[in-house]
Amino acid sequence: MVYVLDTNIFRKLLDHFPKKGKAFEVVWEALDEAIANNTVVSVDECFNEIANHYSPNSENFKWVKSRKEMFLKPTNAESLILKELFLKSKMQESVHTKNILNNRPSADAYLVAKAKTLNAILVTSETYKPHSAQLPNICEELNVKYISYDDFMEILSS
């Protein structure tokens, strides 16, 4: 199975999950192995969100940058999915006005399109909210399975 990671998953791991200690190292090693095997991927727009969040000299950004190959660019098939998705006015709300005005990346729709084309599971910390354009709502709109951070950690640690 392929897992597509949302930016908030990287931030939780990098900011709050220790890199030292036998039990923790097992998870980091499993993550690196999955990245190397292309069973854990993300999108380039997530890389841009991460780059906006961390200092270029921080250890967290260096970790992400050294794995840049996992952040995939959109394909033509994904572009067509995005086009159809954004024809729906509710889904247009997933790109926040403040991101547009501040020229900030917005990865949600790209993540779902990537998961859809790869028949993958999306991993996010966001939760479903009725009548919203949150990531789980986009997943529901495109019939893409998603799981939580905790579910993903269980998978990595088993």
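Residues numbered from 1 in each chain as written. Predicted model: local features only at pLDDT ≥ 70, side-chain atom pairs only at ≥ 80, totals over all residues. Heavy atoms only, no water.

Colleague: Can you tell me about the packing of helix α5 (residues 76–86) against helix α8 (residues 108–118), naming the residues and giving the values?
Modeller: The geometry of α5 relative to α8 is characterised by a closest axis approach of 9 Å and an angle of 125° between their N-to-C directions. One element, α5, and the other, α8, form an angle in the oblique class. In this structure, α5 crosses over α8, and the sense of that crossing is right-handed. Contacts between α5 and α8 involve A77, E78, I81, L82, L85 and F86 on the former and, on the latter, A109, Y110, A113, K114, K116 and T117. (Axes fitted to C-alpha atoms, helices over the stretch in contact; angles between N-to-C directions. Helix = DSSP H or I, 4+ residues; strand = E, 2+ residues; numbered from the N terminus. Parallel < 35°, antiparallel > 145°, perpendicular 65-115°, else oblique. Left-handed = near helix turned anticlockwise from the far one by under 90°. Contact = heavy atoms within 4.5 Å.)

Colleague: Let's hear about the sheet that holds strand β2 (residues 40–43): which residues, and what values?
Modeller: Read across the open sheet, the five strands follow the order β3-β2-β1-β4-β5; overall the sheet is parallel. Pairing within the sheet leaves two strands with one partner each, and these edge strands are β3 (71–72) and β5 (146–147). Strands in contact with helix α1 (residues 7–16) are β1 (3–5), β2, β3 and β4 (121–123); relative to β1, the strand with the most contacts, it is inclined by about 75°. (Pairing = 2+ DSSP bridges.)

Colleague: Explain the packing of aromatic side chains to me, and be specific about the residues and the numbers.
Modeller: What the rule picks out here adds up to seven aromatic pairs. Centre to centre, the rings of F17 and F24 are 5.1 Å apart; their planes meet at 85°, and the pair counts as edge-to-face. Judged by centre distance (5.7 Å) and plane angle (50°), the rings of F47 and F61 are tilted. Placement of the pair is F47 in helix α3 (residues 44–53) and F61 in helix α4 (residues 59–65), with a sequence separation of 14 residues. Judged by relative accessible area, F61 falls into the buried class, the value being 9%. Members of the aromatic cluster, each reached through a chain of ring pairs, are F10, F47, F61 and F71. (Phe/Tyr/Trp six-rings, centres within 6.5 Å; stacked < 30°, edge-to-face > 60°. Buried < 20%, exposed > 50% of the residue type's maximum accessible area, 1.4 Å probe, protein only.)

Colleague: Give a description of the nonpolar core that names residues and reports values.
Modeller: Side chains that are nonpolar tend, in soluble globular proteins, to be buried together. Core analysis: the biggest nonpolar cluster contains 48 residues, and L31, V40 and F152 have the highest contact counts within it. Once you skip the residues sitting within four places of it in the chain, L31 turns out to touch L5, L13, V40, W63, F152 and L156. (Core = buried A, V, L, I, M, F, W, Y, C linked by side-chain atoms within 4.5 Å.)

Colleague: Let's hear about the environment of K114: which residues, and what values?
Modeller: In this fold, K114 is placed in helix α8. On the basis of relative accessible area, K114 is assigned to the buried category, the value being 3%. Between the C-alpha atoms of K114 and S79, which are 35 residues apart in sequence, the distance is 9.6 Å. Excluding its chain neighbours within four sequence positions, the residues that come into contact with K114 are V4, V43, L72, K73, P74, T75 and E78.

Colleague: Pulling in residues and values, what's your account of the environment of N143?
Modeller: Looking at the element boundaries, N143 is found in the loop between α9 (135–142) and β5. We classify N143 as exposed; its relative accessible area is 69%.

Colleague: Before we move on, could you go through the pattern of salt bridges and cite the residues and values that matter?
Modeller: One pass over the structure, following the stated rule, counts four salt bridges. Taking the shortest distance from any N to any O, the salt bridge between R67 and D32 comes out at 2.6 Å. Taken as a pair, R67 in the loop between α4 and β3 and D32 in helix α2 (residues 22–36) lie far apart in primary sequence, 35 residues in all. (Salt bridge = Lys/Arg side-chain N within 4 Å of Asp/Glu carboxyl O.)

Colleague: Describe the packing of α1 against α3, with residues and values.
Modeller: At a minimum axis distance of 9 Å, the contact between α1 and α3 shows a crossing angle of 45°. Comparing the axis directions of α1 and α3 gives the class oblique. Considering the relative orientation of α1 and α3, their crossing is right-handed. Across from T7, F10, R11 and D15 in α1, the residues of α3 making contact are C46, E49, I50 and H53. Taken together, the residues that form the contact of α1 with α3 break down as three nonpolar, two polar and three charged. (Nonpolar A, V, L, I, M, F, W, Y, C, P; charged D, E, K, R; others polar.)

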